[in-house]
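One letter stands for each residue in the lines below.
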Amino acid sequence: MSFHDLPPDIRDRSLTDPRLAADVIDLIIGDEARARGSVGLMLCDDGDRGLQPVVLTDVPENASSDGLRQLLDLLLPVVAEDRGSVLIGRGRRRGVAPNDLDREWHQLAIDSCAAAGVRLLGFHLATRDGVFALPEPLSAAS
């Protein structure tokens, strides 16, 4: 997907649609960011519409989740204040299946968002092989 492929009403669409959420992660974590390692967040409003992407690159593939924790500790209170939500992606070079570190980052995102009272719209793994959604927490999926 490219910015030219976006629907004209993208600012009015909820990112709760799994396909649209994956497309947004695909856009904000581009090929170069995936190759260098990255984390991307789309900060959303109270209607789950994307407001502002935040992308950090040069994140080593074996980086602990501490950096993500610091980023979420900084951003989630602001998002919570406006009753917003967040969509998160982790970029790495290759692979189609999450590894233990991806799952650790995912769980941290679930726990941090729950503690801050922010809806987590999804957590995706973005690699050169594609964009893959990690499962929702059991309480949300059931």
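See the structure printed just above.
Residues numbered from 1 in each chain as written. Predicted model: local features only at pLDDT ≥ 70, side-chain atom pairs only at ≥ 80, totals over all residues. Heavy atoms only, no water.

Caption draft 1: Region of interest: helix H1 (residues 18-28). Burial runs high along H1: eight of the 11 residues are buried. Regarding H1, the residues found buried are Leu20, Ala21, Ala22, Asp23, Val24, Ile25, Leu27 and Ile28. Elements in contact with the buried residues of H1: helix H2 (31-36), strand E1 (38-44), strand E2 (50-57), strand E3 (85-91), strand E4 (119-127) and strand E5 (130-133). A side-chain oxygen of the first residue of H1 lies 2.8 Å from the backbone nitrogen of Arg19; this N-cap is Asp17. (Buried < 20%, exposed > 50% of the residue type's maximum accessible area, 1.4 Å probe, protein only. Helix = DSSP H or I, 4+ residues; strand = E, 2+ residues; numbered from the N terminus. Contact = heavy atoms within 4.5 Å. Polar contact = N/O pair within 3.5 Å; in protein donor to acceptor, adjacent residues only side chain to side chain.)

Caption draft 2: Quick look at the state of the cysteines. According to the stated counting rule, one finds zero disulfides in the structure shown. Lacking any disulfide linkage, Cys113 is separated from the closest cysteine sulfur, that of Cys44, by 11 Å. Judged by relative accessible area, Cys113 falls into the buried class, the value being 1%. (Disulfide = S-S within 2.5 Å.)

Caption draft 3: Representation of the packing of aromatic side chains in the model. Applying the stated rule across the entire model yields zero aromatic pairs. Sitting above the plane of the Trp105 ring, Arg90 keeps its charged end 4.3 Å from the centroid. (Phe/Tyr/Trp six-rings, centres within 6.5 Å; stacked < 30°, edge-to-face > 60°. Lys NZ or Arg CZ within 6 Å of the ring centre and 35° of its normal.)

Caption draft 4: Structural detail: the environment of Asp66. Of note, Asp66 is situated in helix H3 (residues 66-81). The exposure class of Asp66 is partly exposed, given its relative accessible area of 45%. When the C-alpha atoms of Asp66 and Leu121 are compared, they prove to be 21 Å apart, with 55 residues separating the residues in sequence.

Caption draft 5: A look at unusual backbone geometry. Positive phi outside glycine occurs at Asp48, with the angle close to 65 degrees. With respect to the helices and strands, the residue Asp48 is situated in the loop between E1 and E2. Although it is not a glycine, Arg83 adopts a positive phi angle of roughly 55 degrees.

Caption draft 6: Quick peek at H3. Across its 16 residues, H3 extends 23 Å between first and last C-alpha, which sits within 8% of the 22 Å expected from 1.5 Å per residue. The largest bend along H3 measures about 30 degrees and falls at Leu75, with the proline Pro77 one to four residues further on. For H3, the complete set of buried residues consists of Leu68, Leu71, Leu72, Leu75, Leu76 and Val79. Turning to H3, the residues buried within the fold contact E1, E2, E3 and helix H4 (100-116). At the exit of H3 stands Arg83, carrying a positive phi of roughly 55 degrees. (Expected span 1.5 Å × (residues − 1). Bend = angle between axes of the 7 residues up to and from the residue.)

Caption draft 7: Spatial organisation of the packing of H3 against H4. Contact pair H3 / H4: the axes reach a minimum separation of 10 Å and the direction vectors enclose 30 degrees. Here H4 runs roughly parallel to H3, going by the angle between their axes. Both H3 and H4 take part in a crossing whose hand is right-handed. Contacts from Leu68, Arg69, Leu72, Leu76 and Ala80 of H3 reach H4 at Trp105, Leu108, Ala109, Ser112, Cys113 and Ala116. (Axes fitted to C-alpha atoms, helices over the stretch in contact; angles between N-to-C directions. Parallel < 35°, antiparallel > 145°, perpendicular 65-115°, else oblique. Left-handed = near helix turned anticlockwise from the far one by under 90°.)

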